[in-house]
There are 2 protein chains.
Amino acid sequence: MIFDETDKKLLERLQNDSKQTNKELSNALGLSVTAVYERIKKLEKEGYIDSYTAVINKRKINRNFVAFCHVKLLQHSQDFVVSFEKEVNGLNEVLECYHVSGDYDYLLKVIVKDMEAFREFMVKKLTTINHIGSTHSMFVINEVKQTNIIRF
Amino acid sequence: MIFDETDKKLLERLQNDSKQTNKELSNALGLSVTAVYERIKKLEKEGYIDSYTAVINKRKINRNFVAFCHVKLLQHSQDFVVSFEKEVNGLNEVLECYHVSGDYDYLLKVIVKDMEAFREFMVKKLTTINHIGSTHSMFVINEVKQTNIIRF
DNA sequence: GGTGAAAGATATTACAC
DNA sequence: GTGTAATATCTTTCACC
């Protein structure tokens, strides 16, 4: 498939505001509405666009405390890994979990209301998962930059 | 403002798919289209919904290498901090930058094409920023969980 | 690759209940 | 909160370049 500069501009714009109408996009890109429509459909079908989502304000819904947790497993047998990853997937507080290189096995991004809720999460949820060796938490003091928008 | 269970369900659904029609939402929630429409407008105006965005497939656009970089500054004077944060904001490879507690000052999420591109980024962009003391990088081996969707 | 026009669907607003 | 109706706007299809 051809993926050209116009498609890149389109993706940038749709990332910034997916509620824009095709007419607005056509004006911005100097294309007809139909051309914009067909390009978007193509980007959706080819899998360039995975989904459309509403971005929620964390502060408004009382989830403004962010922490990154390093987790080390006791062992790395297939069973332990699979069960840990499955359990982590079920935790609403964990938005992201990466298997990473380095001293620890995993890096988790955790979002809760406040420090007290974080303590609750650690004591009652994360550390109750079997096979966890050790954890190390970093707290976000300030979000300097936070986006999912990929620029070309 | 009243923020009830119906609003939470609405936000969850809009996070999962912001292209749903109000009619689909009304069926799912057992509400009238008018009620759904007015609730969404309220959530937008009150700031519960920050924006609507298209979620892009990183692999399709050749940005499938993810790394987390710890950065320590040489000093923490106001000038150094401000200029570092400003420079980082201008780097397209850096999607997220957090001022964090712990041994390092910052944690950055970096997205590039591959390891070679990461090396380029480190040598020619990140480490050319003034006042950087040291860095420590972790590479993502596997994305176990990766979402921005907040569940209630 | 692209265009413009027409048809169909949805969003929006107003209103009575 | 409901349902309906009118209108504006947007999406989608189509014939054509």
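Just so it is clear, the structure is predicted and the values come from calculations on it, not from any experiment.

## Let's talk about the overall build of chain A
On a plain count of helices and strands, chain A comes out with 5 helices and 5 strands. Element order for chain A, N to C, with α for helix and β for strand: α-α-α-β-β-α-β-β-α-β. For chain A, the C-alpha radius of gyration of 20 Å lies well beyond 15 Å, the compact-globule estimate for 152 residues. Taking the principal axes of its C-alpha atoms as reference, chain A extends roughly 60 × 35 × 25 Å. A buried classification covers 43% of the 152 residues belonging to chain A. When contacts within chain A are restricted to residue pairs at least 6 apart in sequence, those whose partners lie at least 24 apart make up 65%. Accessible surface computed for chain A: about 7900 Å², of which carbon and sulfur atoms make up 46%.

## A look at the protein's contact with DNA strand D
As a structural note, the neighbourhood of DNA strand D is formed by T21, N22, T34, Y37 and K41 of chain A together with G30, L31, S32, T34, A35 and R39 of chain B. Among atoms of DNA strand D positioned within 4 Å of the protein, sugar and phosphate together represent 76%. A distance of 2.9 Å separates a sugar or linking oxygen of DNA strand D from a polar side-chain atom of Y37 of chain A.

## Focus: the interface of chain A and chain B
It is common to give the size of an interface as the accessible area that goes away when the parts come together. Counting residues at the interface gives 57 residues for chain A, matched by 57 residues for chain B. Taken over both partners, the interface formed by chain A and chain B buries close to 5900 Å², and the fraction arising from carbon and sulfur atoms is 56%. Our count for the contact surface shared by chain A and chain B stands at 2 salt bridges. Note that E96 of chain B and K109 of chain A form a salt bridge whose closest N and O atoms lie 3.5 Å from each other.

## Points about the UniProt feature "domain: HTH asnC-type" (unreviewed entry) in chain A
Under the feature "domain: HTH asnC-type" (unreviewed entry), the UniProt entry names residues 3-64 of chain A. Secondary structure within residues 3-64 of chain A divides into 53% helix and 13% strand; the distance between the first and last C-alpha atoms comes to 38 Å.

## Topic: the protein's contact with DNA strand C
Around DNA strand C, the neighbouring residues are I2, L31, S32, T34, A35, R39 and K42 of chain A together with T21, N22, Y37 and K41 of chain B. Among atoms of DNA strand C positioned within 4 Å of the protein, sugar and phosphate together represent 77%. Within the contact set of DNA strand C, a base oxygen lies 2.8 Å away from a side-chain nitrogen or oxygen of T34 of chain A. Contact distances for DNA strand C include 3.3 Å between a phosphate oxygen and a backbone N or O atom of N22 of chain B.

## Some remarks on the relation of the copies chain A and chain B
The transform that puts chain A on chain B rotates by 180 degrees and translates by 0.0 Å along the axis, for an RMSD of 0.1 Å. Each copy turns onto its partner about a two-fold axis. Among all residues of chain A, the minimum C-alpha distance to the rotation axis is found for T53 of chain A, at 2.7 Å.

## Re the sheet that holds strand β2 (residues 65-73) of chain A
Pairing in this closed barrel of 8 strands is antiparallel, and the strands run β2(A)-β4(A)-β3(A)-β5(B)-β2(B)-β4(B)-β3(B)-β5(A) around the ring. Each neighbouring strand pair of the sheet contributes to a mean axis angle of 35 degrees, computed without reference to strand direction. Sheet analysis places β2 of chain A next to strand β4 (residues 106-112) of chain A, joined by 7 bridges and oriented antiparallel. Bridge pairing links V71 of chain A to Y106 of chain A in β4 of chain A.

## Considering unusual backbone geometry
All names here are of chain A. Despite not being glycine, N62 shows a phi value in the positive range, around 60 degrees. Position of N62 relative to the elements: it lies in the loop between β1 (49-56) and β2. Although it is not a glycine, H131 sits at a positive phi angle of roughly 75 degrees. Within the secondary structure, H131 is located in the loop between α5 (115-125) and β5 (132-146).

## Topic: the packing of aromatic side chains
Counting across every chain of the model gives 17 aromatic pairs over all chains. With a centroid separation of 4.6 Å and 15 degrees between ring planes, the pair formed by F3 of chain A and Y48 of chain A is classed as stacked. With a gap of 45 residues between them, F3 of chain A in the segment before α1 (5-16) and Y48 of chain A in the loop between α3 (33-45) and β1 connect regions that are remote in the sequence. Exposure remark for Y48 of chain A: the relative accessible area of 7% places this residue in the buried category. With centroids separated by 5.7 Å and ring planes inclined at 50 degrees, the aromatic side chains of F65 of chain B and F139 of chain B adopt a geometry described as tilted. Taken together, the residues F65 of chain B in strand β2 (residues 65-73) and F139 of chain B in strand β5 (residues 132-146) connect sequence positions 74 residues apart.

Parameters and conventions
Residues numbered from 1 in each chain as written. Chains lettered and ligands numbered in written order. Predicted model: local features only at pLDDT ≥ 70, side-chain atom pairs only at ≥ 80, totals over all residues. Heavy atoms only, no water. Helix = DSSP H or I, 4+ residues; strand = E, 2+ residues; numbered from the N terminus. Rg over C-alpha atoms; globule rule 2.2 N^0.38 Å. Buried < 20%, exposed > 50% of the residue type's maximum accessible area, 1.4 Å probe, protein only. Contact = heavy atoms within 4.5 Å. Areas by Shrake-Rupley, 256 points an atom, 1.4 Å probe, with all protein chains shown as cover. Near = heavy atom within 4 Å. Polar contact = N/O pair within 3.5 Å; in protein donor to acceptor, adjacent residues only side chain to side chain. Buried area = accessible area lost by both parts, 1.4 Å probe. Salt bridge = Lys/Arg side-chain N within 4 Å of Asp/Glu carboxyl O. UniProt positions renumbered as here; feature names shortened; annotations may be inferred. Least-squares fit on C-alpha atoms with pLDDT ≥ 70 in both. Pairing = 2+ DSSP bridges. Axes fitted to C-alpha atoms, helices over the stretch in contact; angles between N-to-C directions. Phe/Tyr/Trp six-rings, centres within 6.5 Å; stacked < 30°, edge-to-face > 60°.

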